[in-house]
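A look at the structure
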Number of protein chains: 4
Amino acid sequence: MAGSNQVLRQVLNLLTKGSGFDQMRLISGGDGKCQCELTVEEEHTNRGGTLHGGMTATLVDSVSTVALMTTGPGLPGVSVDMNVTFMKSAKIGDDVIIDASTLKVGKTLAFLNVDLKLKKDGSLIAQGRHTKYLGNS
Amino acid sequence: MAGSNQVLRQVLNLLTKGSGFDQMRLISGGDGKCQCELTVEEEHTNRGGTLHGGMTATLVDSVSTVALMTTGPGLPGVSVDMNVTFMKSAKIGDDVIIDASTLKVGKTLAFLNVDLKLKKDGSLIAQGRHTKYLGNS
Amino acid sequence: MAGSNQVLRQVLNLLTKGSGFDQMRLISGGDGKCQCELTVEEEHTNRGGTLHGGMTATLVDSVSTVALMTTGPGLPGVSVDMNVTFMKSAKIGDDVIIDASTLKVGKTLAFLNVDLKLKKDGSLIAQGRHTKYLGNS
Amino acid sequence: MAGSNQVLRQVLNLLTKGSGFDQMRLISGGDGKCQCELTVEEEHTNRGGTLHGGMTATLVDSVSTVALMTTGPGLPGVSVDMNVTFMKSAKIGDDVIIDASTLKVGKTLAFLNVDLKLKKDGSLIAQGRHTKYLGNS
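Values in this document were obtained by computation on a predicted structure and should not be read as measured data.

Bringing the sheet that holds strand β5 (residues 109-118) of chain A into the picture now. Read across the sheet, 12 strands follow the order β1(A)-β2(A)-β4(A)-β5(A)-β6(A)-β3(A)-β3(B)-β6(B)-β5(B)-β4(B)-β2(B)-β1(B) without closing on themselves; strand pairing throughout is antiparallel. The sheet is open, and its two edges are formed by β1 (25-30) of chain A together with β1 (25-30) of chain B, each paired on a single side. Put simply, the sheet's adjacent strands are angled 15° from each other on average, direction ignored. Where strand β2 (residues 33-39) of chain A meets strand β4 (residues 95-105) of chain A, seven bridges bridge the pair, whose relative direction is antiparallel. Each bridged residue has a counterpart across the sheet, and for E37 of chain A the counterpart in β4 of chain A is I97 of chain A.

Structure follows, in structure tokens:
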């Protein structure tokens, strides 16, 4: 499992390079799931001092892709549809749990769900869904 | 108009600080619309060398927010829902046009649409929709 | 609880009148949740003999609205955003479980999630999210 | 063109059978587009007397599918993702224009957009996006 997590961490690093999430910590991963943690830094926020919507979407994209990659070999696929509903703001210093799970992996499409929660009380910050195409587009 | 564009450019800079889009160029803005241009750099891409899904979502978020801010004074609002459909990949070196327009501004909610297109042939890369709440959340 | 379920059933009837779901059975409801069951009839299907996408969306809309109404007094609100991801088809004769839960109720917005599953094996047919505005639009 | 419209009308009838939209009128169709008109009847409305959200989603689903079918031979495909943003209510007696256009048809996926507008003033009621899978699921 330690070895497996090391691979996941490398995957996560590759996927998030240049997106300002080098500080994302992998909590667990496997069986179609991936859970990460991030402390909101100033660079992740908009001018209101809260986690930027695009940053939230980037977390949905990246962590769900790692969750998908735990389901088997092959490419990570390409995004087809992604949606995010924002329920609560996360402020600088807040620890955010990003919890991705695979809803279904079919022959050509995969479906993933992501919950973002505040670590301190488990309240939902955002929920996203991500559809990926697994073939050669 | 030049003066107005200068304000928009400052708004855009504020909104995109830390998101890796400092190189975004404002083409035009006003009357609920905002059009920007970005050359895809390596830092915007995933390991496949194409524009990262989270980056696309960040462009949808930021440029639609600037479009909204041209409709009148007040806060930029907070995101409620955002979705993106990905139709084509954008590669390093591609010039991308981000075209945001305000669908409706109500008393408490605003609705925006964003088209991302390749500059060279006008083909759609992605389309996103963004709902913002204008009150005090 | 029997009395409470009777109220929910009346609410459900009101919400679904004319939408072809008079046969929807209420399993349970309360505390922001509502679970219903429907046997797919020919009138719910498209020409391929599977549950119509618009019908699936109608189930997401209606059952999440009943779930919301269990959280307290007041209007059912008006829809702001709704999305559905379709993962598997449901055929005529299939028993479908529609499971709605309230993610958050704020002062002016409410957020709901709905899972549609096949009763026989629990596999996901679709997942939807629904944002409602609670004020006077 | 009259002959072509007759085919489209038959397609529309097939797609909308049982969904309460037998009264939908085809305005035009072809080249990936389809425009229909519907007068809101009591059976399309929720208890507030306005067009039901699920009904709006059914219109998005059906009219975009007809628009897709004008692009060439083959199956209508199956729905993968659908979203609707609701901007304004439509009341009993209102004439609604449903305007669907194909954004892209690829080898295995097709992308469609639908605008619903009030006929009297052209104001947007709702906007939806629909992703369909064209292969054998």
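Let's shift gears to the relation of the copies chain B and chain D. When chain B is fitted to chain D, the best match, at an RMSD of 0.0 Å, comes from turning it 180° and sliding it 0.0 Å along the axis. Taken together, the turn and the small shift mark the pair as related by a two-fold rotation axis. In terms of C-alpha distance to the rotation axis, chain B has N83 of chain B as its closest residue, with the C-alpha 4.1 Å off the axis. A symmetric contact is evident, with 100% of the interface residues of chain B recurring at the interface of chain D.

What follows deals with the interface of chain A and chain B. At the junction of the two partners, chain A supplies 28 residues and chain B supplies 28 residues. Together chain A and chain B conceal approximately 2,300 Å² of surface at their shared face, both sides included; 52% is due to carbon and sulfur atoms. For the pair chain A and chain B, the interface holds zero salt bridges. Summed over the shared surface of chain A and chain B, the number is 14 residue pairs in polar contact (both at pLDDT 80 or more). Contributing elements (two or more residues each) for the side of chain A that touches chain B: α1 (2-16), α2 (53-69) and β3 (78-86) of chain A. Split into classes, the residues belonging to the side of chain A that touches chain B amount to 10 nonpolar, 12 polar and six charged. Two strands pair when backbone bridges link them, and β3 of chain A and strand β3 (residues 78-86) of chain B are joined in this way by five bridges, in the antiparallel orientation.

A few words on the interface of chain B and chain D. Taken together, the contacts link 14 residues of chain B with 14 residues of chain D. A combined buried area of about 1,200 Å² lies between chain B and chain D, and 50% of that area is made up of carbon and sulfur atoms. Taken together, the connections running from chain B to chain D amount to zero salt bridges. Where chain B touches chain D, the interface holds eight residue pairs in polar contact (both at pLDDT 80 or more). Here the element with the most residues in the side of chain B that touches chain D is strand β6 (residues 124-133) of chain B; it accounts for five residues. Partitioning the side of chain B that touches chain D into residue classes produces six nonpolar, six polar and two charged.

The rules behind these values
- Residues numbered from 1 in each chain as written.
- Chains lettered and ligands numbered in written order.
- Predicted model: local features only at pLDDT ≥ 70, side-chain atom pairs only at ≥ 80, totals over all residues.
- Heavy atoms only, no water.
- Pairing = 2+ DSSP bridges.
- Helix = DSSP H or I, 4+ residues; strand = E, 2+ residues; numbered from the N terminus.
- Axes fitted to C-alpha atoms, helices over the stretch in contact; angles between N-to-C directions.
- Least-squares fit on C-alpha atoms with pLDDT ≥ 70 in both.
- Contact = heavy atoms within 4.5 Å.
- Buried area = accessible area lost by both parts, 1.4 Å probe.
- Salt bridge = Lys/Arg side-chain N within 4 Å of Asp/Glu carboxyl O.
- Polar contact = N/O pair within 3.5 Å; in protein donor to acceptor, adjacent residues only side chain to side chain.
- Nonpolar A, V, L, I, M, F, W, Y, C, P; charged D, E, K, R; others polar.

Geometric descriptors of this kind do not, in isolation, establish any biological role.
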